[in-house]
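# Descriptive structure summary
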Amino acid sequence: MATYNGEKYIYEQTRSILDQLAAGDELIVSDDGSTDNTISVLESFKDHRIKIFRNEGNKGPVGNFQNALENASGNYIFLADQDDVWFDNKIAVMVSYLDKYDVVNCDCEIVDNNLATLKESFFEHHHSGTGFIKNFKRNTYMGNSMAFKKALLPVILPFPPNIPNHDLWIGVVADLFYKPYFIPQILGLHRRHDSNASNTFDIKIKTSFWQKVNKRVLVLRNLPGLFYRKITSR
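A brief look at the structure comes next. Residue numbering note: each chain is counted from 1, following its sequence as written. In keeping with the predicted nature of the model, local features appear solely for residues at pLDDT of at least 70, side-chain atom pairs appear and are counted solely at 80 or more, and the whole-chain, interface and lining totals rest on all residues. Side-chain measures here rest on the full set of heavy atoms in the structure, leaving out hydrogens and waters.

Our next topic: the overall build of the protein chain. Helix and strand assignments follow DSSP, with helices taken as H or I runs no shorter than four residues and strands as E runs no shorter than two, numbered in order from the N terminus. Regarding its fold elements, the protein chain presents 9 helices and 9 strands. Radius of gyration (C-alpha) of the protein chain: 17 Å, near the 17 Å computed for a compact globule of 234 residues. Projected onto its principal axes, the C-alpha positions of the protein chain cover 45 × 40 × 35 Å. Out of the 234 residues in the protein chain, the part that is buried amounts to 53%. In this description the radius of gyration comes from C-alpha coordinates, and the expected globular size is given by 2.2 Å times residues to the power 0.38. Only protein chains enter the area calculation, which uses a 1.4 Å probe; residues under 20% of their type maximum are buried, those over 50% are exposed, and those in between are partly exposed.

Pasting the structure below:
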């Protein structure tokens with residue numbers, strides 16, 4: 001879980017995660033220099049499974065997630081936003097699919113800051129599904145709903161410089177080299193509000209044409225290095 005000034009919602013999200021973790025599991029938190037009570041809220045749980053790693057300087061959302069991934073030790077890795085709410089069966093359902101697939105994405109309901117429904121299904125709104133060409137045209141992977149096997153980390157990391165979204169990059173890796181699957185089941189609430197760190201989904205903000213082009217140029221530019229990583233990671 002990547003955090004930055006998330007005190008308003010982080011208790012609810014952390015509680016929803018801890019309630020379904022086993023005793024030997026971990027909640028890795030990478031904090032990007034929060035100046036509010038984010039860390040205090042996390043420490044108030046007094047739970048040994050919460051492991052907090054503070055960045056040196058502000059790394060931004062992508063760098064913050066990279067720091068979290070670099071410190072993860074579990075066989076299955078779930079990405080979490082600081083302001084969402086997970087359903088109590090999310091981990092169990094997604095792990096059952098990870099027995100067969102390498103990367104899985106579950107559906108989620110898009111809600112506002114008060115958990116009122118904005119969109120009933122992210123998958124339906126984004127026409128989500130696997131395929132490199134499909135997701136190159138329009139990324140339908142969503143980090144907060146993603147889980148994958150730890151064995152992928154040497155190929156995924158480090159994230160390329162200036163890559164706009166970590167979920168876009170992980171989706172590229174999944175579609176090119178592994179077995180991804182989109183689970184057609186809503187397993188959480190994704191909260192959208194004015195303080196979201198990323199705009200993977202936003203009803204109000206539209207990505208400009210040149211921003212879209214730039215994203216795709218960055219992906220293409222980094223493909224040769226990605227293929228080299230995959231070959232040398234064997």
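From this point, the discussion proceeds with the structure in view.
In summary, the pairing rule links any two rings of Phe, Tyr or Trp, Trp by its six-membered ring, whose centres are within 6.5 Å, and it sorts them by plane angle into stacked for under 30 degrees, edge-to-face for over 60 and tilted for everything else. Enumeration according to the criterion identifies 8 aromatic pairs in this entry. On the basis of an interplanar angle of 15° and a centroid distance of 4.8 Å, the ring pair of Tyr-11 and Phe-45 is categorised as stacked. A residue pair is termed long-range when its members are at least 10 positions apart, and Tyr-11 in helix α1 (residues 10–18) and Phe-45 in the loop between α2 (38–43) and β3 (50–54) qualify at 34 residues. According to the relative accessible area criterion, Phe-45 is buried, its value standing at 13%. Between Tyr-141 and Phe-182, the ring centres sit 4.9 Å apart and the planes meet at 55°, which makes this aromatic pair tilted. With a gap of 41 residues between them, Tyr-141 in the loop between α6 (132–137) and β8 (146–149) and Phe-182 in strand β9 (residues 180–191) connect regions that are remote in the sequence. With a relative accessible area of 1%, Tyr-141 lands in the buried category. Of the residues examined, Phe-182 reaches a relative accessible area of 9% and is grouped as buried.

By the secondary structure assignment, Lys-90 is in helix α4 (residues 90–98). Positive charges are assigned to Lys and Arg, negative charges to Asp and Glu, while His and the chain termini are left out of the count. In what follows, salt bridge is the name for a side-chain nitrogen of Lys or Arg lying within 4 Å of a carboxyl oxygen of Asp or Glu. This buried residue, Lys-90, is left without a salt bridge; Asp-84 holds the nearest opposite charge, at 6.5 Å.

Here strand β2 (residues 27–31) runs beside β3; their pairing, made up of 5 bridges, is parallel. Looking at β3, one finds that Leu-27 is bridged to Ile-50. Only when DSSP finds a minimum of two bridges between them are two strands counted as paired.

Listed as buried for α1 are Ile-10, Gln-13, Thr-14, Ser-16, Ile-17 and Leu-18. In this fold, the buried residues of α1 make contact with β1 (2–3), β2, α2, β3 and β5 (85–86). Contact definition: two residues touch when any of their heavy atoms are within 4.5 Å.

This next bit is on the state of the cysteines. Cysteine sulfur atoms are paired as a disulfide whenever they come within 2.5 Å of each other. Using the criterion set out here, one finds 0 disulfides in the structure. Cys-106 forms no disulfide, and the closest cysteine sulfur to it belongs to Cys-108, at a distance of 6.5 Å. Under the relative-accessibility criterion, Cys-108 is labelled buried at 1%.

Of note, the amide linkage connecting Leu-157 to Pro-158 takes the cis form, showing an omega dihedral of -5°. Turning to its location among the elements, Pro-158 is positioned in the loop between α7 (153–156) and α8 (166–177). Backbone geometry at Leu-115 places phi at a positive 70°, although glycine is not the residue there. Positionally, Leu-115 belongs in the loop between β6 (103–111) and β7 (117–119). Even without being glycine, Asn-162 reaches a positive phi, approximately 70°.

Next up on the list: helix α3 (residues 60–70). For α3, the tally of buried residues reaches 9 of 11 residues, placing the bulk of the element in the interior. Those residues of α3 that fall on the buried side of the exposure criterion are Gly-60, Val-62, Gly-63, Asn-64, Phe-65, Gln-66, Asn-67, Ala-68 and Leu-69.

Scanning the model with the defined rule gives 6 salt bridges in all. One salt bridge in this structure joins Glu-43 and Arg-54, with 3.9 Å as the shortest N-O distance. Of this pair, Glu-43 sits in helix α2 while Arg-54 sits in strand β3, and the two are 11 residues apart along the sequence. Residue Arg-54 is classed as exposed on the basis of its relative accessible area of 53%. In this structure, the salt-bridge partner of Asp-47 is Arg-49, at a minimum N-O distance of 2.7 Å. Side by side, Asp-47 and Arg-49 carry an identical accessibility label, which is buried.

With respect to the element layout, Gly-60 can be found in helix α3. Once the C-alpha coordinates of Gly-60 and Ser-73 are considered, the two residues, 13 residues apart in sequence, prove to be 22 Å apart.

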